[in-house]
Amino acid sequence: MHHLLHRLALAAVLAAALAGGGCATFARGSTQALTIDSLPGGATVSLSNGERCSTPCTLKLKRKHPVAVELCKPGYRQATAQVRSEVGSGGAAGLAGNLLIGGLVGAGVDAATGATKDLNPNVVAVLLLEEAPGCRVPQFPAVPEHGQTPDEYAKEKNKHKK
């Protein structure tokens, strides 16, 4: 009987640790909304991962990949911005909770999914300057170090469609 209680207690502790694993992943998710706006609006936005939209727009991006942003509108100078991927306060708290409750498995899950990170800045607001003739054809900006290339992004997006 004593062995049975000991095994049940061990199983309960193991189940709690696994349930707590990936706490930031569960609480925050591996993606984050990034809002991009310009004055004047209607600029074409090209991200280094291959995404495109027109301002104002909000895109859901992986927290773990930094992106370069390019805005282009005829009659205006091209504008660029860098969005970094860095450990945020909410992610750090989730990681600390995992180390205390979920152990290394949960911390590893959070680190691998990027749930401990935040995209910064999370709102990109750009004042476009008039310039003749200005940019005409937006191009994908250079991929930042540890960022996601357009090909990697397309493969990942296609994998989720299946």
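Every chain is numbered on its own, with residues counted from 1 as its sequence reads. Only residues with pLDDT of at least 70 are given local features in this predicted model, and only at 80 or more are side-chain atom pairs given and counted; all residues enter the totals for whole chains, interfaces and linings. Excluded from the side-chain calculation are hydrogens and water; included are all heavy atoms of the structure.

Caption draft 1: Expanded view of a nonpolar patch on the surface. The residues that make up patches have over 30% relative accessible area and no salt bridge, and they are joined within 9 Å when like-charged or within 5 Å when they are Val, Leu, Ile, Met, Phe, Trp or Tyr. Per-residue accessibility takes into account occlusion by the displayed protein chains alone, with areas from the Shrake-Rupley method and a 1.4 Å probe. In what follows, salt bridge is the name for a side-chain nitrogen of Lys or Arg lying within 4 Å of a carboxyl oxygen of Asp or Glu. A cluster of nonpolar residues, Leu39, Leu127 and Leu129, forms a patch on the protein surface that exposes about 320 Å² of accessible area. Per the convention used, a helix needs a DSSP run of H or I reaching at least four residues, while a strand needs a run of E reaching at least two, with both numbered from the N terminus. Checked against the element boundaries, Leu129 lands in the loop between strand 9 (123-127) and strand 10 (130-134).

Caption draft 2: Spatial organisation of the side chain of Asn49. Examined against the element boundaries, Asn49 turns out to sit in the loop between strand 2 (44-47) and strand 3 (52-54). Exposed residues in this analysis have more than 50% of their type's maximum accessible area, buried residues have under 20%, and partly exposed residues fall in between, with area computed by a 1.4 Å probe over protein chains only. Judged by its relative accessible area of 2%, Asn49 is buried. Polar contacts, as used here, are pairs of N or O atoms within 3.5 Å; protein pairs need one atom able to donate a hydrogen and one able to accept it. Residues neighboring in sequence count only if both atoms are side-chain atoms. A polar side-chain atom of Asn49 sits 2.9 Å from the main-chain amide nitrogen of Glu51. Contact between two residues is taken to exist if any of their heavy atoms lie within 4.5 Å; hydrogens are not considered. In contact with Asn49, other than residues within four places in its own chain, are Leu61, Val67, Gln148, Thr149, Pro150 and Tyr153.

Caption draft 3: Geometry of the sheet that holds strand 2. The rule for pairing is simple: two strands pair if DSSP sees at least two bridges between them. If you trace the five strands from one edge of the open sheet to the other, you get 3-2-5-7-8, paired in antiparallel fashion. Either end of the sheet is taken by a strand with one partner, and the two such strands are strand 3 and strand 8 (117-120). Taking the axes of each pair of neighbouring strands and ignoring which way they run, one obtains an average angle of 20 degrees across the sheet. With three bridges connecting them, strand 2 and strand 3 associate as antiparallel partners. Looking across to strand 3, one finds that Val45 is bridged to Cys53. Where helices are involved, their axes are fitted lines through C-alpha atoms of the stretch in contact, as for all axes, and angles between N-to-C directions lie from 0 to 180°.

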